[in-house]
Amino acid sequence: MYKLSLDSSSVAEFLLEKNWLFPQEAVKSTEVPGAGNMNFTIRVITNQRSFILKQSRPYVEKYPQVPAPADRVLREGEFYKLTAHIPALAARTPKLLGIDEEQSILQLEDLGVGSDFTGMYAGKKNLTIEEVTELVDFAVSLHDSFQDLPSEKRITNREMRKLNHEHIFHYPFVEENGMNLDKVLPGLEKSAAVYRQDAMLKQRVEGLGELYLADGPCLLHGDYFPGSWLQTPQGIRIIDPEFCFFGSREFELGVMLGHLQLSAQPKEIQDYALAYYLQKSGVDQVLVKKFAAVEVLRRLIGLAQLPLSLNIQERISLMQKASLTLTS
Ligand SMILES: Nc1ncnc2c1ncn2[C@@H]1O[C@H](COP(=O)(O)OP(=O)(O)OP(=O)(O)O)[C@@H](O)[C@H]1O
Ligand SMILES: [Mg+2]
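Thresholds, definitions, all that
Residues numbered from 1 in each chain as written. Chains lettered and ligands numbered in written order. Predicted model: local features only at pLDDT ≥ 70, side-chain atom pairs only at ≥ 80, totals over all residues. Heavy atoms only, no water. Helix = DSSP H or I, 4+ residues; strand = E, 2+ residues; numbered from the N terminus. Rg over C-alpha atoms; globule rule 2.2 N^0.38 Å. Buried < 20%, exposed > 50% of the residue type's maximum accessible area, 1.4 Å probe, protein only. Contact = heavy atoms within 4.5 Å. Areas by Shrake-Rupley, 256 points an atom, 1.4 Å probe, with all protein chains shown as cover. Lys, Arg positive; Asp, Glu negative; His and termini not counted. Charge placed at Lys NZ, Arg CZ, Asp CG, Glu CD. Donors = N, O, S within 2.8 Å, 3.2 Å for Na, K, Ca; no water. Near = heavy atom within 4 Å. Polar contact = N/O pair within 3.5 Å; in protein donor to acceptor, adjacent residues only side chain to side chain. Pairing = 2+ DSSP bridges. Axes fitted to C-alpha atoms, helices over the stretch in contact; angles between N-to-C directions. Expected span 1.5 Å × (residues − 1). Arc of directions from axis to C-beta. Domains from an automatic or database assignment. Buried area = accessible area lost by both parts, 1.4 Å probe.

1. A look at the overall build of the protein chain
Helices and strands together make up the secondary structure of the protein chain, namely 11 helices and 12 strands. In terms of C-alpha radius of gyration, the protein chain reaches 20 Å, essentially the compact-globule figure of 20 Å for 328 residues. Each principal axis of the C-alpha distribution contributes one length, and for the protein chain these read about 65 × 40 × 40 Å. The buried share of the protein chain, reckoned over its 328 residues, is 51%. In the protein chain, the share of contacts with a sequence separation of at least 24, taken over all contacts with a separation of at least 6, comes to 69%. Total accessible area on the protein chain is roughly 14,800 Å²; 53% of this is exposed by carbon and sulfur atoms. The protein chain carries 35 positive and 42 negative side-chain charges, and their two centres are separated by 2 Å.

2. Details of the coordination of the magnesium ion (ligand 2)
Perfect tetrahedral coordination of a metal by four donors corresponds to 109.5 degrees between them, and perfect octahedral coordination by six donors corresponds to 90 or 180 degrees. On the protein side, the magnesium ion (ligand 2) has Asp240 (OD), Asp240 (OD) and Glu242 (OE) as donor atoms, found 2.0 to 2.6 Å from it. Using a relative accessible area of 18% as the deciding quantity, one classes Asp240 as buried. By relative accessible area, Glu242 is classed as buried at 1%.

3. Some details on the site of ligand 1
What surrounds ligand 1 is a group of 20 residues, the closest being Asn37, Met38, Asn39, Lys54 and Asp240. Contacts to ligand 1 include Ala35, whose backbone N or O atom sits 3.4 Å from an oxygen atom. Notes on ligand 1: free accessible area 620 Å², of which the protein chains cover 92%. At the level of elements, β2 (40-46) and β3 (50-55) are the ones that each hand at least two residues to the shell around ligand 1.

4. Structural notes on the sheet that holds strand β10 (residues 229-232)
Spatial ordering of the open sheet is given by β8-β10-β11, a layout of three strands whose pairing is antiparallel. Two strands lie at the open edges of the sheet, namely β8 (115-116) and β11 (235-238), each paired on one side alone. Both β8 and β10 contribute to a ladder of two bridges, which runs antiparallel. The residue bridging Ser115 from the neighbouring strand is Gln231, located in β10. Against the sheet, helix α4 (residues 129-145) touches β10 and β11, its axis set at about 30° to β11.

5. Describing the pairing of β3
Where burial is concerned, most of β3 is hidden: five out of the six residues are buried. Judged from the six bridges that link them, β2 and β3 form a sheet pairing that is antiparallel. Within β3, the position partnered with Thr41 by the bridge is Lys54. The loop that links β2 with its antiparallel partner β3 comprises three residues. Note: β3 against strand β7 (residues 105-109), five bridges, orientation antiparallel. What sits directly across from Gln55, in β7, is Ile105.

6. Some remarks on helix α11 (residues 312-327)
Compared with an ideal rise of 1.5 Å per residue, which puts 16 residues at 22 Å, α11 spans 22 Å between its outermost C-alpha atoms and is within 8% of the ideal. Within the span of α11, buried status applies to Arg315, Ile316, Leu318, Met319, Ala322, Ser323 and Leu326. Down the axis of α11, the buried set is contained in an arc of 160°. They therefore lie on one face. Exposed and oriented more than 90 degrees from the buried face of α11 are Gln313 and Leu324. Residues of α11 that are buried make contact with α6 (188-196), α7 (199-213), α8 (249-262) and α10 (285-301). Its side-chain oxygen at 3.1 Å from the backbone nitrogen of Gln313, Asn311 defines the N-terminal cap of α11.

7. Some points on the domain arrangement of the protein chain
Under the domain assignment used here, the protein chain contains domain 1 (8-109) and domain 2 (115-327). Each of domain 1 and domain 2 has a C-alpha centre, and the two are 26 Å apart. Taken together, the contact pairs 19 residues of domain 1 with 25 residues of domain 2. Buried area between domain 1 and domain 2, summed over both chains or domains, comes out near 1,900 Å², and the portion from carbon and sulfur atoms is 71%.

Here's what the structure looks like:
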């Protein structure tokens with residue numbers, strides 16, 4: 001397998017071989033475009049433009065001992081091939097410039113040097129109504145646009161869904177799963193134990209997990225949270241749909257709402273997001289809130305931790321609320 005690296009001459013050779021450069025185009029330099037954990041992503045700067053190369057490997061880039069579906073980046077390619085047909089979606093996602101199926105590498109439009117919305121968790125950023133509107137508009141268009149696609153053309157992405165299922169609906173709720181939450185924040189381990197011992201809660205989470213694994217009519221981004229939202233000078237752009245699949249829209253909206261809670265966005269903003277989605281398209285509100293609750297819990301007591309500034313009391317109160325939503 002060709003292993004993509006920051007080495008400009010090796011990258012130039014790969015690009016020439018693929019015919020992914022314009023005539024007279026020469027690679028000037030490469031750089032890391034931003035933080036990523038799962039894959040290997042670089043920005044290539046040439047004498048004419050810049051673009052992004054993203055390679056998925058049979059493991060998680062940051063934790064090479066953890067295996068992951070090797071060709072997952074190709075699911076991302078399939079997503080962009082679909083969204084390219086819908087102007088409202090194409091305008092908010094990078095253009096797909098090339099796919100190398102053998103090496104699991106994508107060539108993508110460079111959306112420019114921007115930052116994602118991860119700063120929201122540190123209380124550094126409140127979303128504006130305009131930003132929430134943009135984010136919900138994208139989700140609604142995505143969910144509504146491909147419902148007539150014949151089932152054999154729908155992206156199933158089973159392997160990535162299995163991986164996500166484990167980390168959202170299972171692992172966080174396993175007693176003595178080997179994680180020491182006190183290393184995240186002292187006192188968290190004891191607070192998590194309550195939920196890990198709650199049979200009713202666990203049964204509800206399991207049921208939602210089954211819904212997540214079931215196929216549905218809507219194309220979902222699959223990982224619709226601040227790390228996938230890029231702030232660029234042209235507005236918000238959406239990247240990294242490697243967990244995309246056709247499922248139920250409630251999961252996606254639930255995840256988004258969960259992150260509005262985790263980043264302590266004002267209640268009006270949280271309510272607006274759901275109300276605005278409802279105004280534009282039908283959605284089962286109760287189910288959305290339940291998926292949001294699972295997302296909150298799994299981000300607080302699971303492996304995929306976020307750079308949160310919440311203290312233990314604030315985390316406990318989010319967990320209590322989530323647990324109530326799930327068991328009532
Ligand atoms: N098309 C693009 N234009 C500009 N910057 C990009 C683009 N794609 C990715 N980036 C930058 O590279 C970073 C990593 O990309 P991406 O999130 O797709 O990788 P990843 O390894 O799947 O990340 P994660 O581990 O969070 O899932 C992004 O946060 C962003 O800063
Ligand atoms: Mg990713």
